[in-house]
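Here's the letter readout for the chains.
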Amino acid sequence: YRAKALGGGHLFYQAAMSEGMAERMELAKDLTRAFGAGELQLHYQPQVCLQTGALVGAEALLRWHDAERGWVSPASFIPIAESRGMIAALGGWVLRAACRQLREWRDGGLSFPGRLSINLAAQQLGQAGIADSIQQIAAAAGLDPGCLELELTESGVMDNVERAIATLATLKQAGFSIAIDDFGTGYSSLAYLKRLPADKLKIDISFVREMLTDRHDYTIVNTIIGMARNLGLKVIAEGVEQGPQAQLLSALGCDEAQGYHYGRPVPPAEFAQAWLAPDPATV
Ligand code: C2E
Ligand code: MG
Ligand code: MG
Ligand code: MG
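Residues numbered from 1 in each chain as written. Chains lettered and ligands numbered in written order. Predicted model: local features only at pLDDT ≥ 70, side-chain atom pairs only at ≥ 80, totals over all residues. Heavy atoms only, no water.

### Quick word on the site of ligand 1
Working step 1: Near ligand 1 there are 24 residues, and of these Arg63, Asp181, Asp182, Glu241 and Tyr260 occur at the shortest range.
Working step 2: Interatomic distance of 3.0 Å between a side-chain N/O atom of Glu59 and an oxygen atom of ligand 1.
Working step 3: Contacts to ligand 1 include Glu238, whose side-chain N or O atom sits 3.3 Å from an oxygen atom.
Working step 4: Considered on its own, ligand 1 offers 790 Å² of accessible surface; in the complex 83% of this is hidden by protein.
Working step 5: When contributions to the shell around ligand 1 are tallied by element, the ones reaching two or more residues are strand S2 (55–66), helix H3 (74–83) and strand S7 (177–183).
Working step 6: In terms of residue count, S2 provides more of the shell around ligand 1 than any other element does, four residues in total.
Working step 7: A per-class count over the shell around ligand 1 returns 12 nonpolar, five polar and seven charged. (Near = heavy atom within 4 Å. Polar contact = N/O pair within 3.5 Å; in protein donor to acceptor, adjacent residues only side chain to side chain. Areas by Shrake-Rupley, 256 points an atom, 1.4 Å probe, with all protein chains shown as cover. Helix = DSSP H or I, 4+ residues; strand = E, 2+ residues; numbered from the N terminus. Nonpolar A, V, L, I, M, F, W, Y, C, P; charged D, E, K, R; others polar.)

### Remarks on helix H11 (residues 215–230)
Working step 1: Taking 1.5 Å of rise per residue, 16 residues should cover 22 Å, and H11 covers 22 Å from first to last C-alpha, within 8% of that figure.
Working step 2: Of all the residues in H11, the buried ones are Asp217, Val221, Ile224, Ile225, Met227 and Ala228. Looking straight down H11, one finds that the buried residues subtend no more than 165° of arc, so they occupy a single side. Looking at H11, the residues exposed on the side facing more than 90 degrees away from the buried face are Arg215, His216 and Asn230.
Working step 3: Check the buried side of H11 and you find it contacts S7, helix H9 (190–195), strand S8 (200–203), helix H10 (205–208), strand S9 (234–237) and helix H12 (243–252).
Working step 4: Two to three positions downstream of the cap, the backbone nitrogen of His216 sits 2.8 Å from a side-chain oxygen, assigning the N-cap of H11 to Asp214.
Working step 5: Positive backbone phi, at 75°, marks Gly232, one or two positions downstream of H11. (Expected span 1.5 Å × (residues − 1). Buried < 20%, exposed > 50% of the residue type's maximum accessible area, 1.4 Å probe, protein only. Arc of directions from axis to C-beta. Contact = heavy atoms within 4.5 Å.)

### A few points about the coordination of the magnesium ion (ligand 3)
Working step 1: Binding of the magnesium ion (ligand 3) to the protein goes through Asp181 (OD), Asp182 (OD) and Glu238 (OE), at separations of 1.9 to 2.4 Å.
Working step 2: In primary sequence terms, the donor set of the magnesium ion (ligand 3) follows D-D-x55-E.
Working step 3: Between the two metals, the magnesium ion (ligand 3) and the magnesium ion (ligand 2), the spacing is 3.8 Å, and Asp181 donates to both. Here Glu238 lies in the loop between S9 and H12 and Asp182 lies in strand S7, a separation of 56 residues in the sequence. (Donors = N, O, S within 2.8 Å, 3.2 Å for Na, K, Ca; no water.)

### Considering the coordination of the magnesium ion (ligand 2)
Working step 1: With distances of 2.0 to 2.2 Å, the protein atoms coordinating the magnesium ion (ligand 2) are Glu59 (OE), Asn119 (OD1), Glu151 (OE) and Asp181 (OD).
Working step 2: For the magnesium ion (ligand 2), the donor residues sit on a single chain with the sequence spacing E-x59-N-x31-E-x29-D.
Working step 3: A relative accessible area of 5% places Glu59 in the buried class.
Working step 4: Among the residues examined, Glu151 registers a relative accessible area of 1% and is labelled buried.

### With respect to the nonpolar core
Working step 1: The biggest cluster of nonpolar side chains holds 80 residues, and the ones touching the most others in it are Leu148, Leu150, Leu201, Leu249 and Phe271.
Working step 2: When residues in this core are grouped by element, the largest group, nine residues, is from helix H4 (residues 87–107).
Working step 3: Apart from the residues lying within four places of it in its own chain, the contact partners of Leu150 are Leu95, Ile118, Leu120, Ile134, Leu171, Phe176, Ser177, Ile178 and Ala179. (Core = buried A, V, L, I, M, F, W, Y, C linked by side-chain atoms within 4.5 Å.)

### Some points on the pattern of salt bridges
Working step 1: Tallied over the entire structure, the rule returns 11 salt bridges.
Working step 2: A salt bridge links Arg69 to Asp30; the shortest N-O distance between them is 2.8 Å. Taken together, the residues Arg69 in the loop between S2 and strand S3 (70–72) and Asp30 in helix H2 (residues 10–36) connect sequence positions 39 residues apart.
Working step 3: Residue classification places Arg69 among the partly exposed positions, given a relative accessible area of 33%.
Working step 4: For Lys200, the salt bridge is made with Glu149, and the minimal N-O distance between the two is 3.3 Å. (Salt bridge = Lys/Arg side-chain N within 4 Å of Asp/Glu carboxyl O.)

### Remarks on the pairing of strand S1 (residues 40–49)
Working step 1: S1 sits mainly inside the fold: nine of its 10 residues count as buried.
Working step 2: By the bridge criterion, nine bridges tie S1 to S2 in an arrangement that is antiparallel. Across the sheet, the residue bridging to Leu40 is Trp64, located in S2.
Working step 3: Between S1 and the antiparallel strand that follows it, S2, lie five residues; Gly53 among them carries a positive phi value of about 80°.
Working step 4: Looking at chain direction, S1 and strand S10 (residues 256–257) are connected through two bridges and run antiparallel. (Pairing = 2+ DSSP bridges.)

### Re the environment of Glu241
Working step 1: Positionally, Glu241 belongs in the loop between S9 and H12.
Working step 2: C-alpha of Glu241 to C-alpha of Leu55: the two residues are 186 residues apart in sequence and 16 Å apart in space.
Working step 3: Every residue in contact with Glu241, bar those within four places of it in the chain, is listed here: Tyr260 and His261.

### Regarding the confidence of the model for the chain
Working step 1: Confidence along the chain averages 92 in pLDDT terms, with 94% of residues attaining 70 or more.
Working step 2: Long-range and interchain partners of residues 1–5, a stretch whose pLDDT sits below 50, account for four contacts in this model, where long-range means more than four residues apart. (pLDDT = per-residue confidence, 0-100.)

See the structure below:
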């Protein structure tokens, strides 16, 4: 529309559009190939208790290294996977790979305290039978749902609220923990939040980043923590990069934190080396 208003820009607009489309098609093609070739991996980032500093869980994060592009951010390829009808396969793989990893750590005599968090894409949440399929995947790995947490973004939930609420209720009932990711950046109203069967809010990194210097960000973080506590929800801050942020979050009553201050997402062996100890029950 804008190109038309610019008159002579029409051709330019078409060229720019097809360039962007070509790029996305190219990315989708390479992603499909890489996924088929088993080149996608999961890295793991620690989540800690702000009071004690103890490990309370980890988040599994998708990683794709492309020969030409280098590391491609999941924030850019997940939407492409969704628009290309790949998300069921990719999301299913993430669930199985994360569950298998936790199984492997346990079978290797390592104790993994708390929960392993897995991200669910908006479209995955809308898939028919997704709650059953998640339960089957956990069971196949011999995992109790209580050791798994599912992260959904607010916008993912808002895509189809009634369906999301029903699916999440089933999963929560089965024992999975439910976290609302990137909280504060979506469009969910408090009326929906009240109805969502969630256990935890994850304060978005964009509020945490400058909470020490920007009084609006500070106020938002403080408000989310207060609201979570009043609603009986746990609250975790993402993107904690500095000690003073952790101290302030702890003073404000935030339960948990995740961020470079504690550890970056790393491959499983490195994560185990840094964070997991032998399980006293098995040694
Ligand atoms: P997210 O779920 O909010 O994950 C947190 C992101 O923040 C991760 O980015 C993580 O690497 C990054 N991060 C953690 N601590 C810090 C910090 O202290 N500073 C900064 N600057 N960043 C930090 P990543 O791994 O690039 O993932 C981006 C997004 O892609 C995720 O955001 C999530 O929405 C999506 N994603 C990643 N893996 C998966 C997956 O397996 N399935 C789905 N559906 N989405 C995924
Ligand atoms: Mg997440
Ligand atoms: Mg997040
Ligand atoms: Mg985020």
